[in-house]
Amino acid sequence: MTTTEPLVIALPKGRILKEAMPLVRAAGIEPEAAFDDPKSRQLRFATNHPGVEIIRVRSFDVATFVAFGAAQLGIAGHDVLMEFDYSDIYAPLDLGIGFCRLAVAEPAELSRTDDPSRWSHVRVATKYPHITATHFAKRGVQAECIKLNGAMELAPTLGLCRRIVDLVSTGSTLKANGLVEVEHIADITSRLIVNRTALKTRPVEIQGWIEQFRRAVDAEAA
Amino acid sequence: MNEPVNKALLPAGLRDALPEEAEREATAVFSLMNAFRAEGYQTVKPPLMEFEQSLLSGPGGELAQQLFRLMDPISQQMMGLRADITPQIARIAASRLAGSARPLRLCYSGQVLRVRGDQLRPERQFTQAGIELFGSDAVKADVEIVLLTVAALRAAGLQDLSIDLTVPSLAPAVLTGQGHEGATADAAREALDGKDAGELRGIVGDDPLIFGLLEAVGPAETAMPRLQALDISGLAGQQIARLAETIAGIRAVEPDLSLTVDPGEYRGFEYQTGVAFSVFAPGVRGEIGRGGRYVSETGEPAVGATVYLDSVLRALPVTVSALRVYLPFGTAPDDARRCREQGNRVVAGLEPEADPEAEARRLGCTAIWHKIEVKDI
């Protein structure tokens, strides 16, 4: 089957991008110069492969673009994949970048007297309402989620709620805001993700790219 | 607060199909059903709702969460609106047509309703069309269902198709054989389905057999040898052999059809016992249709396939709407008949018009009947 449609790779803006680009380059994909120009307002970039394009979107949107087939490949954190739980996304490769964890945190002062095993209802500020609700439901705790898009750490200090569920990498942001981790939810890394229909209808091409990335990851680890 | 709802607003996931789209769907269903009937499949038409219990028995068991229910005021029993037609066809084959000669070939089309659409397919109501073959356990029957699904979709206008084959019971059998059970096996199965090697390694370690399943994904010609090279015996081994026979059978007729294999696939195949498949089209999200082998409630071997018309329409190229010819007011009945006999779709003028051509254009006609012939405008 001949497909002339371009292959679109969705990359997340921000923290992960810095760690991901060496892998993308090692897999043989070199974006056009505008990609590294901070002043460029371009969102869609050509690469050294005529049939391959890169788009740069917010990390949560990478999963959405790939799930709907607007992009065929992408790089997304496991946190984003867990939050959306799209059945049309495959995550064939752990890229070994973006290490962090999802955790429940609360003010240090509260945690001195608090016993998480006795919770029956919690109010939690989070960017991850689905993961949070599922995690607490599994524990038999009713969770009321307040969806925030950033600066979760402010919520307990200003009395919005007492607990948060957020990504923790070094723990320094938590500490600076007087919070401590009280429960671990999941370890997070970034994955190479693939649209299901694309893998089924363009198997050779897509698997070729997965293999390229696998080699890049193995070379990095070696 | 109490503002009246705009009458045009429909509940989420429900929609009006307007002239061109509705016609496209009707035409597609007609082509599909014709293709099914041409291979000896006979049409049946079960009701839109029936007792909940019968809808949920056998292959319908997985749909309990998706069923709209209402109480039958007459029998005081719970009824359900069908969320899938397959269980109804299985019921017909096992009851009213139990005495008919086997193999029994049936086809159907109709509307189904689901409580919830998902993110990729938000529709709560859509049209399903499909085929079921009862009473044969032959590989030839599996092959026939796949080939007929492909042929019918082609007849409906879909040229670029890709068939993904799987044996849903293979992964659980291998996992059980390697000593994984319960929640661990479920998690491993999900990781296999999501092709998530990182997750899978965390659950089962570096088990070469289980990772072998993960690597046997891709075009049939490369994936099958990998799958067959794995040291899998017993029932699971027989199913791999059966998958290979099915692929050979399809290849004999369709050497160029895009065929892929994915032993990890299981979502939506919960009641399938043998070879199962999904149909994809490039660039169309989700599957166009799916099918496979199962055992009906009475223990009879069955194999079938169903296609979802919402996905079919997403995959179909947009066609130009059919030519319509305007019959000016006062066209003589004989002339009008001649115009219709030429196979034209006509729009008759109901009142005298000052400028017939302008009137024709206003009504979206691209031609006008001029005395004895069609004249383009």
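Note that the structure is a prediction, hence the values are computed from the model and not measured.

The rules behind these values
- Residues numbered from 1 in each chain as written.
- Chains lettered and ligands numbered in written order.
- Predicted model: local features only at pLDDT ≥ 70, side-chain atom pairs only at ≥ 80, totals over all residues.
- Heavy atoms only, no water.
- Helix = DSSP H or I, 4+ residues; strand = E, 2+ residues; numbered from the N terminus.
- Buried < 20%, exposed > 50% of the residue type's maximum accessible area, 1.4 Å probe, protein only.
- Contact = heavy atoms within 4.5 Å.
- Lys, Arg positive; Asp, Glu negative; His and termini not counted.
- Charge placed at Lys NZ, Arg CZ, Asp CG, Glu CD.
- Salt bridge = Lys/Arg side-chain N within 4 Å of Asp/Glu carboxyl O.
- Polar contact = N/O pair within 3.5 Å; in protein donor to acceptor, adjacent residues only side chain to side chain.
- Nonpolar A, V, L, I, M, F, W, Y, C, P; charged D, E, K, R; others polar.
- Pairing = 2+ DSSP bridges.
- Core = buried A, V, L, I, M, F, W, Y, C linked by side-chain atoms within 4.5 Å.
- Domains from an automatic or database assignment.
- Axes fitted to C-alpha atoms, helices over the stretch in contact; angles between N-to-C directions.
- Parallel < 35°, antiparallel > 145°, perpendicular 65-115°, else oblique.
- Left-handed = near helix turned anticlockwise from the far one by under 90°.

*Asks:* Before we go on, may I ask you to explain the overall build of chain B in this structure?
*Replies:* Scanning chain B from N- to C-terminus turns up 13 helices and 16 strands. Overall size of chain B, expressed as C-alpha extent along the three principal axes, is 85 × 55 × 50 Å. Burial statistics for chain B: of 377 residues in total, 48% are counted as buried. Within chain B, contacts between residues at least 6 apart in sequence are counted, and of these 63% link residues at least 24 apart. Taken together, the 37 basic and 51 acidic charged side chains of chain B have centroids lying 5 Å from each other.

*Asks:* Whenever I open this one, the interface of chain A and chain B confuses me. Can you help?
*Replies:* You'll often see interface size given as the accessible area lost when the parts meet. Taken residue by residue, the interface counts 22 residues in chain A and 29 residues in chain B. Put simply, B:D262 and A:K200 hold a salt bridge, and the shortest N to O gap is 2.6 Å. At the surface where chain A touches chain B, the tally comes to 14 residue pairs in polar contact (both at pLDDT 80 or more). Sorting the residues of the side of chain A that touches chain B by element identifies α3 (78-84), β5 (89-94), α8 (196-201) and α9 (203-221) of chain A as the ones contributing at least two each. The residue inventory of the side of chain A that touches chain B, partitioned by class, reads 12 nonpolar, five polar and five charged.

*Asks:* Sorry, what's going on with the sheet that holds strand β7 (residues 162-166) of chain B here?
*Replies:* Think of a sheet as strands paired side by side through backbone hydrogen bonds, with each pair either parallel or antiparallel. Residue and element names in this part refer to chain B. Read across the sheet, nine strands follow the order β1-β5-β6-β12-β11-β10-β7-β9-β8 without closing on themselves; strand pairing throughout is mixed. Lying at the two open borders of the sheet, with one neighbouring strand each, are β1 (42-43) and β8 (218-219). Taken together, the two bridges between β1 and strand β5 (residues 104-113) define a ladder with parallel strand orientation. Residue pairing across strands places T43 opposite C107, the latter belonging to β5.

*Asks:* Please clarify how the nonpolar core should be interpreted in this entry.
*Replies:* It is characteristic of soluble globular proteins that their nonpolar side chains tend to be buried jointly. Counting residues in each nonpolar core, the largest one holds 71 residues, and the members touching the most others are B:F36 and B:L227. Broken down by element, this core gets its largest block of residues, 10 residues, from helix α4 (residues 139-155) of chain B. In this structure, this core is formed jointly by two domains, domain 1 (10-159 + 281-321) and domain 2 (162-279) of chain B, each of which donates at least three residues. What B:L227 contacts, discounting residues up to four positions off in sequence, is B:L170, B:L213, B:A216, B:I240, B:L243, B:V261 and B:P263. A:M21, A:I29, A:I75 and A:F213 belong to the second largest nonpolar core, which has 33 residues in total.

*Asks:* I tried to follow the packing of helix α1 (residues 19-38) of chain B against α4(B) on my own but got confused; where do I start?
*Replies:* A packed helix pair is summarised by two numbers, namely the angle formed by the two axes and the spacing between the axes. Residues and elements named next belong to chain B. One way to put it is that α1 packs onto α4 with a least axis distance of 8 Å and a crossing angle of 140°. Of the possible angle classes, the one that applies to α1 and α4 is oblique. Every pair of crossing elements has a handedness; the one defined by α1 and α4 is right-handed. Contacts between α1 and α4 pair S31, L32, A35 and F36 from the former with L148, A152, L153 and A155 from the latter. When grouped by side-chain class, the residues that make up the contact of α1 with α4 number seven nonpolar, one polar and no charged.

*Asks:* Is there a simple way to think about the environment of B:Q88 in this case?
*Replies:* All names here are of chain B. Positionally, Q88 belongs in helix α3 (residues 86-94). On the basis of relative accessibility, which here comes to 1%, the residue Q88 falls in the buried class. The spacing of Q88 and L55 is 33 residues in sequence and 6.7 Å in space, taken between C-alpha atoms. With residues up to four places along the chain from it excluded, the contact list for Q88 reads P46, P47, E50, L55 and R82. At 2.8 Å, the side chain of Q88 and the backbone oxygen of P47 are in polar contact.

This is a description of form; function is not addressed.
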